Amino acid sequence: MYTYESLLAAITPTSGETREVRDPATDELIGTAPVQTVEELEAAIDRAAAAQKSWAALPDAERVAYLHKAADAIKENAEALAELLSREQGKPLNGPNARFEVGGSEVWTRAAADTPLPVEVIVDDETGRAEMHYRPIGVVGAISPWNWPMMISIWQIAPSLRMGNTVVIKPAETTTLSVLALVHVINEVLPEGVLNLVAGKGSVVGAALTRSPKIGKIMFTGSTPVGKGIIEASADNVTRLTLELGGNDAGIVLPDVDPAAIAEGLFWGGFINTGQTCAALKRLYVHDDVYDDVVKHLVEFAKNVPMGVGLDENNVLGPLQNPAQFKVVDELVKAAKDSGATIALGGDPDYDAPGNFYPTTIVTDIDPHNPLVIEEQFGPALPIIRYSDLDEVIELANELEVGLGSSVWSSDRSKALDVAARLEAGTTWINSHGGLHPMVPFGGAKQSGYGREFGVEGLKAVSVPHVISG
Ligand code: NAD
């Protein structure tokens, strides 16, 4: 079992180019991460390709057993992993943060192991018999982002391994150590070459991974512009893709809600992981009848949620993970302020304090086309837009190019379902926002991407359907 110190020591590079890793809450130097080359990537792809045939040849039950051993290894080392994640990503240990993310990584690994995917008999009658088998693709290239670095990496790795693929993963530059540590712990129980990590620049090793003819499928989670580049890169080799891209999720609050009762759900829908969540509530449309009350209760709730250094057990909100993201949020809130919107909470970062802390911010009386509304802020700044006409608000919710998640808030389920049916998104939650389940398919509509992760759909996405007919 590792401690934080022994885990960090085990993954610290001893040669090659490195980059400094600083705690986003304190600016303190916590370690160094490797910056690897395309040659190192190619060697990793070759290792994965060499290991793939014997991994695929194992009976399914053996791969399932390996995945459970991997989940056990995550569980045994959960505290060390959570501390490293907290220090590198910034998210606090408690709340829906670092310990939660490590726990989720274990749970999703077990779910990928335990989901049955038997041969499907499609036709079996006087016209003949046709069966659908799901074969491995080969080597899967995984590219993950910095907001939920461990859990999203697991979403890519675990189903791929279960289906008999081997994996080369490239973590985000600013959360390399978290994924390196996770992979290190898992690799202590997996056969050699099955799971490989190459750390480096997205534009260099990430791009080379997406162009490699030896990669059969790319699992990508990140921004829409990078996703579009990956679609182009996939053309030469007809590389299969699952793309989980950016979002700008709308929530619609109907006039029949109890504002006090929904305040906590609205808060966590928008501010989970300090807003740095793909399917977080990023623009909230509230009916005129309840607007002032919803704002009042949400602000009341939000101002008591502690933000601070991740290792302090009291905190449940952290800093932004990197200075670039701080700048995005800061500029969007400044533009909203300049446009005459009201800052109901926050909006006043301490630029001299250490770390990338941006305070919990709620912006009201804002134009529906203000940049804070129509651009993905990916941080703790929620715009609340007033509406009075349901058709108009549905149009506003649907007018963007992205469509990852969405939510409807109402005390009348059938009314909420009617609105949900009209929203363009991969998921619509009723009276909550952003909750995920390992058996429920997750993915985007429109430019939020294509393909689905989790459950049976997720296993099918990392395999080649093969019909045996006759
Ligand atoms: P990003 O697109 O900048 O980076 C994601 C990953 O892609 C990183 O590992 C990066 O190194 C790599 N990369 C960068 N350029 C590349 C290239 N040319 N070729 C190949 N790989 C390259 O995204 P980010 O800033 O790390 O993450 C934030 C974004 O991710 C937000 O838009 C958010 O909505 C989105 N996101 C989506 C989901 C989802 O499930 N849909 C989940 C989390 C985050």
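Computed from a predicted structure; not experimentally measured. (Residues numbered from 1 in each chain as written. Predicted model: local features only at pLDDT ≥ 70, side-chain atom pairs only at ≥ 80, totals over all residues. Heavy atoms only, no water.)

Caption draft 1: Seen up close, the overall build of the protein chain. Helix and strand counts for the protein chain come out as 16 helices and 20 strands. Across its three principal directions, the C-alpha atoms of the protein chain cover 65 × 60 × 40 Å. Buried positions account for 56% of the 470 residues belonging to the protein chain. Taking as baseline every contact in the protein chain between residues at least 6 positions apart, the subset at least 24 positions apart corresponds to 73%. Summing over all exposed atoms, the protein chain offers an accessible surface of approximately 18500 Å²; the carbon and sulfur share of this is 53%. (Helix = DSSP H or I, 4+ residues; strand = E, 2+ residues; numbered from the N terminus. Buried < 20%, exposed > 50% of the residue type's maximum accessible area, 1.4 Å probe, protein only. Contact = heavy atoms within 4.5 Å. Areas by Shrake-Rupley, 256 points an atom, 1.4 Å probe, with all protein chains shown as cover.)

Caption draft 2: Expanded view of the site of the ligand. Taken together, the neighbourhood of the ligand is formed by 28 residues, with Ser144, Glu173, Ser223, Leu245 and Glu376 sitting nearest. The separation between an oxygen atom of the ligand and a polar side-chain atom of Lys170 is 3.0 Å. With respect to the ligand, the backbone of Leu245 contributes an N or O atom lying 2.8 Å from a nitrogen atom. Protein contact buries 86% of the 850 Å² of open area that the ligand shows by itself. (Near = heavy atom within 4 Å. Polar contact = N/O pair within 3.5 Å; in protein donor to acceptor, adjacent residues only side chain to side chain.)

Caption draft 3: How the structure looks around the environment of Asn237. Tracing the chain through its elements places Asn237 in the loop between helix H9 (224-233) and strand S9 (240-244). What makes Asn237 partly exposed here is its relative accessible area of 31%. With 20 residues separating them in the primary sequence, Asn237 and Lys217 have C-alpha atoms 9.9 Å apart. The contacts of Asn237, once residues within four sequence positions are left out, are Arg211, Ser212 and Pro213. At a separation of 3.2 Å, a polar atom in the side chain of Asn237 contacts the main-chain carbonyl oxygen of Arg211.

Caption draft 4: Fine view of the pattern of salt bridges. Taken as a whole and assessed by the stated rule, the structure comprises 23 salt bridges. Residue Asp72 pairs with Arg110 through a salt bridge whose shortest N-O separation is 2.8 Å. Of this pair, Asp72 sits in helix H3 (residues 60-76) while Arg110 sits in helix H5 (residues 98-114); the two residues are 38 residues apart in sequence, bridging distant segments of the chain. Note on Asp72: relative accessible area 34%, which makes it partly exposed. The partner of Arg99 in a salt bridge is Glu79, with the nearest N and O atoms 2.8 Å apart. Here Glu79 lies in helix H4 (residues 78-89) and Arg99 lies in helix H5, a separation of 20 residues in the sequence. (Salt bridge = Lys/Arg side-chain N within 4 Å of Asp/Glu carboxyl O.)

Caption draft 5: Layout of the sheet that holds strand S3 (residues 120-125). One open sheet accounts for 3 strands, arranged S3-S4-S20; its pairing is antiparallel. The open sheet terminates on both sides in strands that have one partner only, identified here as S3 and strand S20 (463-469). Averaged over all pairs of adjacent strands, the angle between their axes in this sheet comes to 20 degrees, without regard to strand direction. Where S3 meets strand S4 (residues 128-136), 5 bridges bridge the pair, whose relative direction is antiparallel. Its bridge partner lying in S4, Asp124 is registered against Arg129. (Pairing = 2+ DSSP bridges. Axes fitted to C-alpha atoms, helices over the stretch in contact; angles between N-to-C directions.)

Caption draft 6: Looking closely at the pairing of S4. Linking S3 to S4, which pair antiparallel, is a turn of 2 residues. The sheet contact formed by S4 and S20 spans 7 bridges and is antiparallel. Bridge pairing links Arg135 to Val464 in S20.

Caption draft 7: Local environment of the side chain of Arg63. Inspection of the secondary structure assignment puts Arg63 in helix H3. Its relative accessible area of 7% is what places Arg63 among the buried residues. Engagement of the side chain of Arg63 in a polar contact is seen with the backbone oxygen of Trp55, the distance being 3.2 Å. Those residues in contact with Arg63 that lie beyond four places of it in its chain are Trp55, Ala56, Leu58, Leu161, Arg162, Met163 and Gly164.

Caption draft 8: Broad picture of the sheet that holds strand S17 (residues 427-430). Strand order in the open sheet formed by 7 strands is S12-S13-S14-S11-S10-S16-S17, with mixed pairing between adjacent strands. Of all the strands in the sheet, just strand S12 (342-345) and S17 have a single pairing partner and so form its edges. Across this sheet, the average inter-strand angle for adjacent strands is 25 degrees, counted without regard to direction. Pairing of strand S16 (residues 405-409) with S17, which is carried by 4 bridges, proceeds in the parallel orientation. Residue Val408 lies in a different strand from S17, and its bridge partner there is Ile430. Each of strand S10 (249-253), strand S11 (281-287), strand S13 (361-364), strand S14 (381-387) and S16 is contacted by helix H10 (residues 259-271), which is oriented at about 150 degrees to S11, the strand it contacts most. The sheet strands contacting helix H11 (residues 291-302) are S10, S11, S12, S13 and S14, and the helix crosses S14 at an angle near 165 degrees.

Spatial relationships are all this shows, so hold off on functional conclusions.
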